[in-house]
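Architecture at a glance
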Amino acid sequence: MARIVIDPITRIEGHLRIEAIVENGVVKEAYSSGTMVRGFEKILKGRDPRDAWAFTERACGVCTTVHALASVRTVEDALGITVPKNAELIRNLMFCTQLVQDHVIHFYHLHALDWVDVVSALKADPKETSRIAKSISTWSRTSPKYFKAVQDRVKAFVQSGQLGIFANGYWGHPAYKLPPEVNLLAVTHYLEALEWQKEIVKIHAIFGGKNPHPNYLVGGVPCSINLEEVNAINTERLNHVGSLINEAIEVVEKMYIPDLLAIASFYKDWASYGGGLQNYLAYGDLPTRSYNEVDSFKFPRGAILDRNLNEVHEVNGRDSEEIKEYVAHSWYAYAEGDDVAKHPWDGETEFNFTGPKPPFDYLNTDGKYSWIKTPRWKDQAMEVGPLARMLVAYASGVDEVKEVVNDTLKRLNVPVTALFSTLGRTAARGLETLLVVHWMKGFYDDLIANIKSGDMRTFNNEKWHPDTWPQEAVGVGMTEAPRGALAHWIRIKDRVIDNYQLVVPSTWNASPRDAKGQRSSYEAALIGTPVADLDQPIEILRTVHSFDPCIACAVHLYDPDGNHIHQITFN
Amino acid sequence: MHTQENGKTTILILGIGNILMGDEGVGCQVVQHIQSRPLPEGIECLDGGTGGFHLLDAMQQADHILLVDATVDGRPPGSVLKLRPQFSSDYPRTLTAHDIGLKDMLDAFHLLGRTPRVTLFAVSIKPLGEMSTELSPEISSQISHIAEAVLKEAKTILAENHLEK
């Protein structure tokens, strides 16, 4: 039996440590610890609620816009504000932009290197890569000459002794199954995706004024529509958005999805590992009418228990008995004791660090061992993210979701249970990207049609002025970050923020056990994962990365010397 | 040094950090200070916040990037280290720049075939404490000096480049 530590998990945002007990080459037990410090309420308390979005979106460079969206919705919910149709559509376009860019980056730049051996790509025959590329897609750049040129560039880079972005891979590990030619294809698209992602995010700058950290507005969106005006959302800018959406459809249909399926076909054994929890939670998003009409969402809201796809449970963020957070294994203290759970409106953030001083070997996992709180829905541990969204949509009977999921299962020739796995999670992310780029086109067409009908409204100012607010109000704003369910809760008192809490996707997935000892998503998913070589636990990275961890929300408390610790002890 | 297609040189002053983490946001604060005055043609400023991949476009557009970021390296708070790194491995390990993002971007340039030069101003800060939008007195008092030094460097590079042509 060996206890292995991976700290930090690389190619994620934020700092995550995994300790796993491995017996006979299989993970028997796992612990997830994140250095997320939350102190938002301390920063936000006493401020104007209309400003909260600007602070929350600074929490992270990855999901900036979704934090702003959750924040403005929270305040609108508290004050009873409905936003105009154009604002809802523009928010949807911002949301889709973020999701599509983030998922493509995750696949090519954060997750692919768990499956793609960069060094092996140097041995590839570019002619064969070209043949494979043409056989799976009508993508434009597929000539042998093109792949040869990329291979030469990567070769020169590696020969300069600088692995750089490729430095933290376990190259040559036997768990890599792709032929060199497919590796070269993926490395080439790694670079193409990098160039492309900087284009798509221009949509954030067009509607949000700037990037990174675009502007949001309580009551609408901070841009005016005037087709003739230079400084407004005009015909030229809308045309630009339209062409960026068309490019995104091309990239997803002709590059991402064919690559995903090609790579997945070599790793079908990963459809039997990494399933973990049996429960899935999605807040849903992308209203086709209004955010207040949950039944109009493209991504439905709901919960699935025990993998029962015949029943979807209703989820209510305002019900104090549904979503609650534990700190039994987290470095916080609740006034009423650490065994209770608290709804975010009553949330407390009192630090109580009891962990070991560095350098140390292991965390005391019987006690507190993470900076992440442990959220539960009706006391159940829930997985959130693309797989949860697709399963909730599937179980809710959304036809286009059922179609694309069933079609993919058939093409890979795997049963429906294959969804509950590391591979299923990675595939679900790709499939929802495919759906979202097309939905995005629909929202764009709706926006143009609405503008042409003469509706230019982007802002509802009825309750902008604090004089119109009640003395006290509470609100919740829910959305889906690319990596899962995200919500903010606010308590407004005397027209300023009295309490503000965020429950972010990675608190659901990366959290430690709750007071009853129930594992959260990462810990549960790692059990049963094979580890062939304790020195190179690539399999653990595959499963953890399949969740797309992002635990920067709030912070980066760095190890003072930034060490990449990887240690193993046998006992 | 290569130049933009229009023949003009662009220098990007890029501040990185999290303004919610007090001194960790020093890079952004320096940029905001520089932005408060008119800048000579050819020098641009960007508050990069915590943005990683979002910054690629702006960085690629520049010929020379002056990067301002915080580092927790044990030196007195407010001291500034000026470096000319080439690859990501040349950066101080204690730079607070985020795991995915900035350093990866710099390596990506080599692979994408356009490599702007980078000058890094690493500002030493104390180990991070609780969240706060306030700077410590040690850092706060240095903002205008750091801004001055960065701007001076930018002007020098601009002048050198005009001479080269």
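Only a predicted model underlies this, so the values are computations on that prediction, with no experimental measurement involved.

Below, the discussion takes up the overall build of chain B. The secondary structure content of chain B amounts to five helices and five strands. Each helix (α) and strand (β) of chain B, taken in turn from the N terminus, gives the series β-α-β-α-β-β-α-β-α-α. When the 165 residues of chain B are sorted by exposure, 51% land in the buried category. The contacts of chain B with a sequence gap of at least 6 include a subset with a gap of at least 24, amounting to 79%.

Our focus in this paragraph is the overall build of chain A. In terms of regular secondary structure, chain A is built from 16 helices and 14 strands. Since a compact globule built from 571 residues should have a radius of gyration of about 25 Å, the 23 Å found for chain A is in line with a globular shape. For chain A, with 571 residues in total, the buried portion stands at 56%. Across chain A, contacts joining residues at least 24 apart in sequence account for 75% of those joining residues at least 6 apart.

This next bit is on the sheet that holds strand S10 (residues 374–377) of chain A. Residues and elements named next belong to chain A. Pairing is antiparallel across the open sheet formed by three strands, whose spatial order is S9-S8-S10. Only two strands of the sheet have a single partner each, and these edge strands are strand S9 (341–342) and S10. Bridging between strand S8 (residues 323–326) and S9 involves two bridges; their strand directions are antiparallel. Bridge pairing links Tyr326 to Ala341 in S9.

Residue and element names in this part refer to chain B. An order of S2-S1-S3-S5-S4 is seen for the five strands of this open sheet, with the pairing classed as mixed. With partners counted over all chains shown, the strands left at the sheet margins are strand S2 (43–47) and strand S4 (80–83), one partner each. The average undirected angle you get between the axes of adjacent strands in this sheet is 20°. When strand S1 (residues 11–15) meets strand S3 (residues 64–71), the two strands line up parallel, connected through five bridges. Bridge assignment links Gly15 to a residue of S3, and that residue is Val68. This element, helix H1 (residues 26–35), spans S1, S2, S3 and strand S5 (117–124) of the sheet and lies at about 135° to S2.

Regular strands place side chains that alternate from one sheet face to the opposite one. Residue and element names in this part refer to chain A. Taken across its ten residues, strand S12 (residues 484–493) has nine buried, putting it largely inside the fold. Sheet analysis places strand S11 (residues 472–481) next to S12, joined by ten bridges and oriented antiparallel. From the neighbouring strand, Glu480 faces S12, where its bridge partner is Ala485. From the end of S11 to the start of S12, which pair antiparallel, there are two residues. Across seven bridges, S12 lies against strand S13 (residues 496–503) in antiparallel orientation. Looking across to S13, one finds that Lys493 is bridged to Val496. The hairpin turn running from S12 into S13, its antiparallel successor, is two residues long, and Asp494 in that turn takes a positive phi close to 50°.

Here the focus is the environment of A:Ser396. Residue and element names in this part refer to chain A. In this fold, Ser396 is placed in the loop between helix H11 (386–395) and helix H12 (399–412). Take Ser396: there are 20 C-beta atoms within 10 Å of it, and that puts it in the buried class. Spatially, the C-alpha atom of Ser396 lies 41 Å from that of Gln536, the residues being 140 residues apart in sequence. If sequence neighbours within four positions are ignored, Ser396 has contacts with Pro300, Gly302 and Val312.

All names here are of chain A. Packing of helix H8 (residues 180–200) against helix H10 (residues 235–264) brings their axes to within 11 Å, and their N-to-C directions diverge by 155°. Taken together, the axes of H8 and H10 are roughly antiparallel relative to one another. Here H8 and H10 pass one another in a crossing that is left-handed. The residues of H10 that touch H8, namely those facing Val182, Leu185, Ala186, His189, Glu192, Trp196, Glu199 and Ile200, are Leu244, Glu247, Ala248, Val251, Met255, Asp259, Ala262 and Ile263. The class makeup of the residues in the contact of H8 with H10 is eleven nonpolar, one polar and four charged.

With that settled, consider the nonpolar core. In summary, soluble globular proteins display a tendency toward joint burial of nonpolar side chains. By size, the foremost hydrophobic cluster in this structure holds 223 residues, and its most contacted members are A:Leu93, A:Tyr280, A:Leu281, A:Leu391, B:Ile13, B:Leu66 and B:Val150. Looking at this core, the element that brings in the most residues is helix H4 (residues 85–111) of chain A, giving 14 residues. If sequence neighbours within four positions are ignored, A:Leu391 has contacts with A:Tyr280, A:Ile304, A:Leu309 and A:Leu419.

Further remarks concern H1(B). Taken across its ten residues, H1(B) has seven buried, putting it largely inside the fold. Of all the residues in H1(B), the buried ones are B:Val26, B:Gly27, B:Cys28, B:Gln29, B:Val30, B:Val31 and B:Ile34.

Residue and element names in this part refer to chain A. Of the consecutive residues Asn211 and Pro212, the connecting peptide bond is found in the cis state with omega at 0°. Examined against the element boundaries, Pro212 turns out to sit in the loop between helix H9 (202–208) and H10. Despite not being glycine, Asp306 has its phi angle at roughly 50°, a positive value. Residue placement: Asp306 occurs in the loop between strand S7 (302–304) and S8. A positive phi angle, close to 55°, is found at Asp548, a residue other than glycine. Topologically, Asp548 is positioned in the loop between helix H16 (538–545) and strand S14 (565–570). Since 28 C-beta atoms lie within 10 Å of it, Asp548 is described here as buried.

This paragraph deals with the pairing of S10(A). All names here are of chain A. The side-chain alternation of S10 yields two buried faces, one formed by Thr374 and Arg376 and the other by Pro375 and Trp377. Where S8 lies against S10, four bridges are found, and the strand directions are antiparallel. Pairing of Tyr326 across the sheet is with Thr374, part of S10.

Let us look at the environment of A:Asp346. Residue and element names in this part refer to chain A. Inspection of the secondary structure assignment puts Asp346 in the loop between S9 and S10. Residue Asp346 is classed as partly exposed on the basis of its C-beta count, with 15 C-beta atoms lying within 10 Å. C-alpha separation for the pair Asp346 and Leu309, spaced 37 residues apart in sequence, amounts to 33 Å.

Residue and element names in this part refer to chain B. The predicted model of chain B averages 83 in pLDDT, with 85% of residues at 70 or higher. Across residues 1–5, confidence stays below pLDDT 50; counting only partners more than four residues off in sequence or on other chains, it has ten contacts. Per the prediction output, this complex has pTM 0.93; the corresponding ipTM is 0.85.

Before going further, it helps to spend a moment on the confidence of the model for chain A. On average, residues of chain A carry a pLDDT of 92, and 95% of them reach 70 or more. Confidence drops under a pLDDT of 50 for residues 554–571 of chain A, and excluding neighbours within four residues, the segment shows 44 contacts in the predicted structure.

Moving on to the packing of H4(A) against helix H13 (residues 422–452) of chain A. All names here are of chain A. Where H4 meets H13, the axes come as close as 9 Å, and the angle between the chain directions of the two elements is 150°. Viewed along their axes, H4 and H13 adopt a mutual orientation that is roughly antiparallel. Two packed elements cross with a definite hand, and for H4 against H13 that hand is left-handed. For the contact of H4 with H13, a count of residues per class yields 15 nonpolar, nine polar and three charged.

Basis of the calculations
- Residues numbered from 1 in each chain as written.
- Chains lettered and ligands numbered in written order.
- Predicted model: local features only at pLDDT ≥ 70, side-chain atom pairs only at ≥ 80, totals over all residues.
- Helix = DSSP H or I, 4+ residues; strand = E, 2+ residues; numbered from the N terminus.
- Buried ≥ 20, exposed ≤ 12 C-beta atoms within 10 Å, placed from the backbone.
- Contact = placed C-beta atoms within 7 Å.
- Rg over C-alpha atoms; globule rule 2.2 N^0.38 Å.
- Pairing = 2+ DSSP bridges.
- Axes fitted to C-alpha atoms, helices over the stretch in contact; angles between N-to-C directions.
- Parallel < 35°, antiparallel > 145°, perpendicular 65-115°, else oblique.
- Left-handed = near helix turned anticlockwise from the far one by under 90°.
- Nonpolar A, V, L, I, M, F, W, Y, C, P; charged D, E, K, R; others polar.
- Core = buried A, V, L, I, M, F, W, Y, C linked by C-beta atoms within 7 Å.
- pLDDT = per-residue confidence, 0-100.

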